[in-house]
Amino acid sequence: MHLDKETLSVEEEYEKLLKPKALTEKDKGKLLQSIADNRRADLRVCMTSNTNIARLQYRSYINDDQVAQMFELVANLKSQRRKQKLNMLFVNATELGGGVAEMRPDTTQLLRDLGVQADWVVIDGAPMFYDVTVHVHEGIQNPKYRPIGQREAEILQINSIANFVRMRSERVLDAVDIIWIDDPQPLGLIPLIRALYPNVTIVWRCHVHADPTPSVGNLIRDWVQGNLDSERDSILLQFLQAETAGAYKAIPLRADLAVFHMEQFALGLGLTTVPVYTMGPAVNPLAFKNMPLDEDVVSTTLEKLGVKSQDEDIPPYILEVSRFDPYKGPIEAITAFVNMMKRITDSVLQTKGRFVFAASIPGDNPSGIRLCRLIRSYVQALPVSEFPPWMQGKHDIRNRIHLLELADKSREEIIVERINKLQRFNPDAIKAVRAEVMEMRGQPIEEIMASLHDVGFVSQQTVDAVNAQAAELQPVLDTAVSLTPGQRTSLYKCIASLHRTKVTMRHTREGSLTGRQMNHAEVNALQTGARVRLQFSSKEGFGLTVAEAMIKHMPSIPGVLVATLVGGVKAQLNPDVGLPVEYHPDDIAASLNMYINLPDEPDEKYLQELYHSVSHRETVCKVSDALHDGFTMPKEERAVLNDKAQSYILSRFATHSNVRNILQAVTLCGTHTPSQPATLQSCSQPAIPQSTLKPTSLQSG
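The model shown is predicted, which means the values in this text are computed figures rather than measured ones. (Residues numbered from 1 in each chain as written. Predicted model: local features only at pLDDT ≥ 70, side-chain atom pairs only at ≥ 80, totals over all residues. Heavy atoms only, no water.)

1. What to know about the packing of aromatic side chains
Under the criterion given, the structure shown has ten aromatic pairs. Aromatic side chains Phe-324 and Phe-357 sit 5.2 Å apart centroid to centroid with 35° between the ring planes, which places their arrangement in the tilted category. Of the two residues, Phe-324 sits in the loop between β7 (317-321) and α13 (330-341) while Phe-357 sits in strand β8 (residues 354-359), which places them 33 residues apart along the sequence. Look at Phe-324 and you get buried, because its relative accessible area is 2%. Between Phe-536 and Tyr-583, the ring centres sit 5.6 Å apart and the planes meet at 65°, which makes this aromatic pair edge-to-face. (Phe/Tyr/Trp six-rings, centres within 6.5 Å; stacked < 30°, edge-to-face > 60°. Helix = DSSP H or I, 4+ residues; strand = E, 2+ residues; numbered from the N terminus. Buried < 20%, exposed > 50% of the residue type's maximum accessible area, 1.4 Å probe, protein only.)

This is the structure:
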């Protein structure tokens, strides 16, 4: 039985096929309708990346031997599979926000440079699905988190089937040789793809800390290893039975490889029949988020974001770039900063010192909105009357704590998204609509819609619908990312000095950069200007923001990193390149318990008691000490640490290293047969020239 594209609109046949045990028929219908209503215009992501091998070579980030090694890996893969062409598909749950979305455009582009036909797909979802993925995200990192239930497992299965059906109907899977699935959200695709496309190599990549609660760990392990449970996974089994007439039972439904940042994460999930590979992610030194910036860009960005006034010099500030996520420790970070400020003796730092917590809330993490609201309440409830004079009155410390929600879509991108929800476009048509809307940037919605109708791009029905929603849409448009004239001017001068492409320079000058580019430029400016860059994580897969912070370098304001040594941060930070802090296990447990039990509407008394409680934690005290050391450290000493940190990261975690590791990982899939036990292959980033590395066979670790 073949379910075509229209089936996603909750057709009767689709409804009858899926028989949940815990999910009600009403909720099943609501979920399917919501998935249909929230469908992306195109599963494939339209990427913007100026990264290529030639530019990396030109800037001396990569040498000829390293390029030759990567071409050799691609040739070996083609030979291994007896293919003239190699097609690779990356699949994840969000296009914006988070480390995967940061890396994917550049790694995909570099693979294309190497002759691999690489594409990136983002799955459809719905609020019910995203609520469950938040639960899975928490449960994979916390062994004491509440168990996942049958209803939630069924929501994941239905969403997986809906996405599989769409991918198949749009022929996304037809020519694919390798599918690289990132994180747990699309995990249910593994048994579906394996059963119906048995010759495709499937790699599952886990980017988060793995120390799961049993029910979440069991679900992830079983879906990666293809051990579907007759009760819990009945919806997947119903679908596979209908599609294959039972033939799926003879097929091992597991992935070919599982990839983690660290060996301990692989051990945490207890995989036994799928081989494991360890590797870190990467930062792109050419990207908007990491390119060198000057004081003018930093100053205009701080001014736009309200961190400084127009006539003020760049103030001394501490920055954490993260999500509003319990595992990123926003309450602990604010508390450590406040307690550090109590001990500052320098008069300038006393009155000028600031703290900035900058976050983009990803589309797959709705709980971040709630946490952001609670953190704002926490800041306002700080017991200022107990603090020293330089933290009160006109220097009120609460006014020097900036919680920034950085948008990553432009006004025009939001308008195009709204249009596309009302009138489905094919990928080529939506590109034309997007280009037309960009030409009319800044104009009222009504004028944009009238113009699109005049040239035949949209129907009168769509025009009427968007215009009717204009009042509702306006608050969303008001939050869109944009650059001020000062930002555009300073960024243009900086980009021109870096020999960026003429197209990038023109888009900067005209204000037509993508939302992602503008967001990345602002994050870059924040990190570049920070005297101390902080990462107060209690759990971390790798912590890409740590590497991004460490490569920023502006001679006039050298920055030093303070971070807790959890997860992948241990691979990036040591006392020679920054200020590491051990996170006491009891404090990790206390932190997770605190966030779980935060009430929706805490009063001032509750929040002040919370501040005093958090202040006494051993790790918060140690981080406060490290912040004090970094904040008061002489400029020359910070410069030495900053130089060492930048060199350390670029020699180990640059984008081309990530591409090489991906190719090595996929190569290893061809050396494993289903009868072999799972083993571990590590690919740590070495301090030796990368051209000396060669792919090796799987070995026990």
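Picking up after the structure, the text goes on.
2. Brief notes about the nonpolar core
Counting 70 residues, the largest nonpolar core has Leu-89, Val-91, Ile-179, Ile-193, Trp-204, Ile-220 and Phe-260 as the members making the most contacts within it. Here this core takes nine residues from helix α7 (residues 150-169), the largest share from any one element. Apart from residues no more than four positions distant in its own chain, Ile-193 is found in contact with Phe-164, Leu-173, Ile-179, Pro-198, Val-200 and Ile-202. (Core = buried A, V, L, I, M, F, W, Y, C linked by side-chain atoms within 4.5 Å. Contact = heavy atoms within 4.5 Å.)

3. Some points on the pattern of salt bridges
Within the structure shown, the criterion is met by 36 salt bridges. Between Asp-119 and Arg-112 there is a salt bridge, with the nearest N and O atoms lying 3.1 Å from each other. Exposure remark for Arg-112: the relative accessible area of 32% places this residue in the partly exposed category. (Salt bridge = Lys/Arg side-chain N within 4 Å of Asp/Glu carboxyl O.)

4. Things to note about the confidence of the model for the protein
Chain-level pLDDT for the protein is 88 on average; 91% of the residues reach the 70-or-more range. Note on residues 1-11: pLDDT under 50 across the span, and 33 contacts to partners over four residues away in sequence or across chains. Throughout residues 684-701 the model reports pLDDT below 50, and contacts reaching past four residues in sequence, or to other chains, amount to 47 contacts. (pLDDT = per-residue confidence, 0-100.)

5. Section: the side chain of Glu-412
Note on placement: Glu-412 falls in helix α16 (residues 411-422). A distance of 3.3 Å separates a polar side-chain atom of Glu-412 from the backbone nitrogen of Gly-442. If we ignore the near neighbours within four places in the chain, the residues touching Glu-412 are Val-437, Met-438, Arg-441 and Gly-442. (Polar contact = N/O pair within 3.5 Å; in protein donor to acceptor, adjacent residues only side chain to side chain.)

6. Some thoughts on the environment of Ala-407
Examined against the element boundaries, Ala-407 turns out to sit in the loop between β9 (401-405) and α16. Overall, Ala-407 belongs to the partly exposed group, its relative accessible area being 21%. Between the C-alpha atom of Ala-407 and that of Gly-515, which follows or precedes it by 108 residues, the distance is 7.7 Å. Residue contacts for Ala-407: discarding those within four places in its chain leaves Thr-479, Ala-480, Val-481 and Asn-519.

7. Digging into helix α4 (residues 64-81)
Its 18 residues give α4 an end-to-end C-alpha distance of 26 Å, which sits within 8% of 26 Å, the value for a rise of 1.5 Å per residue. If you check which residues of α4 are buried, you get Gln-66, Val-67, Gln-69, Met-70, Leu-73, Val-74, Leu-77 and Arg-81. Burial along α4 is one-sided: seen end-on, the buried residues are contained in an arc of 160°. Opposite its buried face, α4 presents the exposed residues Asp-64, Asp-65 and Ser-79, each directed more than 90 degrees away. As for α4, its buried residues are in contact with α3 (53-58), β1 (86-92), β2 (116-122), β3 (178-182), β4 (201-205) and α30 (655-669). The backbone nitrogen of Asp-65 lies 3.1 Å from a side-chain oxygen of the residue at the head of α4, namely Asn-63. Phi turns positive, to about 55°, at Arg-82, one or two residues after α4. (Expected span 1.5 Å × (residues − 1). Arc of directions from axis to C-beta.)

8. Quick look at the packing of helix α6 (residues 127-139) against α7
The relative placement of two packed helices is expressed as an angle between their axes plus a distance between the axes. Running from amino to carboxyl end, α6 crosses α7 at an angle of 120°, the nearest separation of the two axes being 9 Å. Taken as axis vectors, α6 and α7 run oblique relative to one another. Here α6 and α7 pass one another in a crossing that is left-handed. Residues Met-128, Phe-129, Val-132, Thr-133, His-135 and Val-136 of α6 lie in contact with α7, whose contacting residues are Arg-151, Glu-152, Ile-155, Leu-156 and Asn-159. Residues that form the contact of α6 with α7 fall into these classes: six nonpolar, three polar and two charged. (Axes fitted to C-alpha atoms, helices over the stretch in contact; angles between N-to-C directions. Parallel < 35°, antiparallel > 145°, perpendicular 65-115°, else oblique. Left-handed = near helix turned anticlockwise from the far one by under 90°. Nonpolar A, V, L, I, M, F, W, Y, C, P; charged D, E, K, R; others polar.)

9. Re the pairing of β7
β7 sits mainly inside the fold: five of its five residues count as buried. What you see with β7 is no split at all: Tyr-317, Leu-319 and Val-321 on one side and Ile-318 and Glu-320 on the other are buried throughout. Where β7 and β8 come together, five bridges link them in parallel fashion. Looking at β8, one finds that Leu-319 is bridged to Val-356. Relative to strand β10 (residues 532-535), β7 runs parallel, the two sharing two bridges. Directly across from Leu-319, in β10, lies its bridge partner Arg-533. (Pairing = 2+ DSSP bridges.)

10. Concerning the pairing of β2
The side chains of a regular strand alternate between the sheet's two faces. With respect to burial, β2 is a largely interior element, six of its seven residues being buried. Where β1 meets β2, seven bridges bridge the pair, whose relative direction is parallel. For Asn-87, the partnering residue across the bridge sits in β2 and is Gln-117.

11. What to know about the environment of Pro-212
Its location among the elements puts Pro-212 in the loop between β4 and α9 (214-225). When the C-alpha positions of Pro-212 and Ser-538 are compared, they lie 14 Å apart, and in sequence the two are 326 residues distant. Not counting chain neighbours up to four residues away, the residues in contact with Pro-212 comprise Gly-139, Ile-140, Asn-142, Pro-143, Gly-217, Gly-268 and Leu-269.

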